[in-house]
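# Summary of the model geometry
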Amino acid sequence: MDPRRTYPRFAVAALLGNIAFLASWGVLLSRPTGWAVVGGILITLFFVLRVGGMWLYASRQTDTAPQARRAAIFTTLIALVGLGLWVFTAIRGPRITL
């Protein structure tokens, strides 16, 4: 059995973090009034829920601690790449007008 299923709160936090990440991209590309504040809050929420939740999950593992730590490091690196793309798009990226 997948050990993540024993901690459903971490799965919910990861899902909400992913939704916040997608919402931050939606706000970034449409750029409504106050997009920088809302986008910043959403991207911060992504980091807290997704990356913070993964590190909390890794810290609670005893049997599979090295695997959980590697997964947390990988999640952090992927999240940093996503953040870098978000910031790059905020600075120089396209704008979609509806």
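Residues numbered from 1 in each chain as written. Predicted model: local features only at pLDDT ≥ 70, side-chain atom pairs only at ≥ 80, totals over all residues. Heavy atoms only, no water.

## Notes on the overall build of the protein
Cut-off, in case you're wondering: In this text, helices come from DSSP runs of H or I with a minimum length of four residues, and strands from runs of E with a minimum of two, each type numbered from the N-terminal end. Two residues form a contact once any of their heavy atoms are found within 4.5 Å. Note on areas: Shrake-Rupley with a 1.4 Å probe; residue coverage comes only from the protein chains shown.
Summing up its helical and strand segments, the protein has three helices and zero strands in all. Within the protein, counting contacts between residues at least 6 apart in sequence, those at least 24 apart form 69% of the total. Just so you have it, the protein exposes about 6,600 Å², and 70% of that area is on carbon and sulfur atoms.

## Some remarks on the side chain of serine 24
How we decide: Nitrogen and oxygen atoms within 3.5 Å of one another constitute a polar contact, given that in protein one can donate a hydrogen and the other can accept it, and given that sequence-neighbouring residues count only through two side-chain atoms.
Tracing the backbone shows serine 24 in helix H1 (residues 8-30). Within the structure, the side chain of serine 24 is placed 2.6 Å from the backbone oxygen of phenylalanine 21, a separation counted as a polar contact. In this structure serine 24 touches Gly39, Leu42, Ile43 and Trp86, once residues within four positions along its chain are discounted.

## A few points about unusual backbone geometry
Within the chain, arginine 31 stands out as a residue other than glycine whose phi angle is a positive 50 degrees. Inspection of the secondary structure puts arginine 31 in the loop between H1 and helix H2 (35-60).

## Quick notes on H2
Quick note on the threshold: Expected helix span is taken as 1.5 Å per residue step, with the number of steps being one fewer than the number of residues.
Under the 1.5 Å per step criterion, the end-to-end length of H2 is 36 Å for 26 residues, consistent within 8% with the ideal 38 Å. At its buried positions, H2 is contacted by H1 and helix H3 (65-92).

## Points about the side chain of threonine 89
If you trace the backbone, threonine 89 turns up in helix H3. Here the side chain of threonine 89 touches leucine 85 through a polar contact of 2.8 Å, landing on its backbone oxygen. Discounting residues that sit within four places of it in the chain, threonine 89 has contacts with Trp25, Leu28, Leu29, Arg31 and Pro94.

## Some points on the nonpolar core
For soluble globular proteins, the rule of thumb is that nonpolar side chains tend to be buried together. Defined as follows: Residue types Ala, Val, Leu, Ile, Met, Phe, Trp, Tyr and Cys, when buried and joined through side-chain atoms within 4.5 Å, form a set referred to as a nonpolar core. Burial classes follow relative accessibility: with a 1.4 Å probe on protein chains only, a residue under 20% of its type's maximum area counts as buried, one over 50% as exposed, and anything between as partly exposed.
Among the nonpolar cores identified, the biggest contains eleven residues, and these are Ala20, Phe21, Val27, Leu28, Leu42, Ile43, Phe46, Val51, Ala79, Trp86 and Ala90. Breaking this core down by element, the ones donating at least two residues are H1, H2 and H3. When neighbours within four sequence positions are excluded, alanine 20 is seen to be in contact with Leu42, Leu45 and Phe46.

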